[in-house]
Amino acid sequence: MEYPHIQFRLNKSLDKKMVIEFLDFTTGGINFGKGILNIHPEIKRSIFGYIDFFYKRNNKILKRSADNFRKKWKTKEKLFFEVISKIFRNHPWPKGKYIGYISIFDCNPRFLQDKTFQIFYKHKTGPIYITVHELLHFIFYDYVNKKRKDLRKKLSEDDFWRLSEIVNEILLNSPSFKKIINNQKKINGYPEFKKNVSCVKHKIKKITEIDKIGILIDTVIKLL
Ligand SMILES: [Zn+2]
């Protein structure tokens, strides 16, 4: 079984591109623009000028966080890929770049088409959590696209996204993922899905067992 190697890099121009999209964006009960302005209130004066200034002034810190993310991920990747293989029954990892770009904004978007994502350099749940969360999306989308074509045809893009977020939150709070993320506290996803998540949890026990991913998907689908 081949596993992708994840790289962690800085990418200032991606931050410039994404901030424009996120400054005016709210979804799933999270206001991203507000989040950006809370951390970087000065950005209002000159968006790109501010980003250049911030990168220059914090260059060392940003580089150090990329190194740090790399080291941390190395300690958990093996366990992560083993757990994923079990849940997704050895579904092969889709091709892609597999790069986590360090970001100065706490938006943490992912790019399904080339398998890259952004991680806030000071993320409160840590780089392992974000990396696990995004990689889980990558394999989940690929799995549903290829193994559940019946379902894929019926789902709108928005419902597919909801399904993936709810499945993510349930899996990430299961015991095998807690070991990877090293966080015993409950991980909260989008506030909008809180009700759905607790409803699914109630219906399904021990969801990380092999052959349960199908049941999990079918249970979530009914609630969308
Ligand atoms: Zn997500």
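As the structure is a computational prediction, the values presented were derived from the model and not from experiment.

A. How the structure looks around the overall build of the protein. The number of helices and strands found in the protein is ten helices and six strands. Computed over its C-alpha atoms, the radius of gyration of the protein comes to 18 Å, within 12% of the 17 Å expected for a compact globule of 224 residues. Seen through its C-alpha atoms, the protein measures out along the principal axes to roughly 50 × 35 × 30 Å. Long-range contacts, defined as pairs at least 24 residues apart, comprise 67% of the intrachain contacts of the protein with a sequence gap of at least 6.

B. Region of interest: the environment of Glu169. Along the polypeptide, Glu169 turns up in helix H7 (residues 157–172). Classification of Glu169 by C-beta neighbours within 10 Å gives buried; the count is 21. As a C-alpha pair, Glu169 and Leu23 span 146 residues in sequence and 25 Å in three-dimensional space.

C. Highlighting helix H4 (residues 59–87). The end-to-end C-alpha distance of H4, which contains 29 residues, comes to 39 Å, matching closely the 42 Å that a straight helix rising 1.5 Å per residue would cover. On its buried face, H4 is in contact with strand E1 (7–10), strand E4 (99–103), strand E6 (116–120), helix H5 (127–147), helix H8 (175–181) and helix H10 (213–223). One or two residues past the end of H4 sits Arg89, with phi positive at roughly 45 degrees.

D. Fine view of the nonpolar core. Phe22, Phe105, Val132, Ile166, Val167, Ile170 and Ile181 are the most contacted members of the largest nonpolar core, which has 45 residues in total. Ranked by the residues each element gives to this core, the list is headed by H5, at nine residues. Ignoring any residue separated from it by four or fewer positions in sequence, one finds Phe105 in contact with Asp15, Met18, Val19, Phe22, Ile36 and Phe120.

E. Highlighting the pairing of E6. For E6, the tally of buried residues reaches four of five residues, placing the bulk of the element in the interior. Pairing analysis gives two bridges linking strand E5 (residues 110–111) to E6, with the strands arranged antiparallel. Within the sheet, the bridge partner assigned to Phe111 lies in E6 and is Thr116.

F. Up close: the packing of H7 against H10. The contact between H7 and H10 brings their axes to 10 Å, and the two run at 125 degrees. Taken together, the axis directions place H7 and H10 in an arrangement best described as oblique. Relative to H10, the crossing made by H7 is right-handed. Mapping the contact onto sequence places Leu163, Ile166, Val167 and Ile170 in H7 and Leu216, Ile217, Val220 and Ile221 in H10.

G. Examining the packing of H5 against H7 more closely. It is the contact of H5 with H7, at a shortest axis distance of 10 Å, that shows an interaxial angle of 125 degrees. Our classification of the angle between H5 and H7 gives oblique. Between H5 and H7 lies a crossing whose hand is right-handed. Listed contacts from H7 to Val132, His133, Leu136, His137, Phe140 and Tyr141 of H5 are Ser164, Val167, Asn168, Leu171 and Leu172. Grouping the amino acids of the contact of H5 with H7 by side-chain chemistry returns seven nonpolar, four polar and no charged.

H. Representation of unusual backbone geometry. Even without being glycine, Arg89 reaches a positive phi, approximately 45 degrees. By the secondary structure assignment, Arg89 is in the loop between H4 and E4. At Lys115, a residue that is not glycine, the phi angle is positive and equals roughly 60 degrees. Relative to the assigned elements, Lys115 resides in the loop between E5 and E6.

I. Spatial organisation of the pairing of E4. The buried fraction of E4 amounts to four of the five residues, a majority that puts the element mostly inside the structure. Strand direction decides the pairing type here: E1 and E4, joined by four bridges, are parallel. Residue Gln7 lies in a different strand from E4, and its bridge partner there is Ile99. Pairing of E4 with E6 involves five bridges; the strand directions are parallel. By the bridge assignment, Ile102 is partnered in E6 with Ile119.

Procedures and definitions
- Residues numbered from 1 in each chain as written.
- Predicted model: local features only at pLDDT ≥ 70, side-chain atom pairs only at ≥ 80, totals over all residues.
- Helix = DSSP H or I, 4+ residues; strand = E, 2+ residues; numbered from the N terminus.
- Rg over C-alpha atoms; globule rule 2.2 N^0.38 Å.
- Contact = placed C-beta atoms within 7 Å.
- Buried ≥ 20, exposed ≤ 12 C-beta atoms within 10 Å, placed from the backbone.
- Expected span 1.5 Å × (residues − 1).
- Core = buried A, V, L, I, M, F, W, Y, C linked by C-beta atoms within 7 Å.
- Pairing = 2+ DSSP bridges.
- Axes fitted to C-alpha atoms, helices over the stretch in contact; angles between N-to-C directions.
- Parallel < 35°, antiparallel > 145°, perpendicular 65-115°, else oblique.
- Left-handed = near helix turned anticlockwise from the far one by under 90°.
- Nonpolar A, V, L, I, M, F, W, Y, C, P; charged D, E, K, R; others polar.

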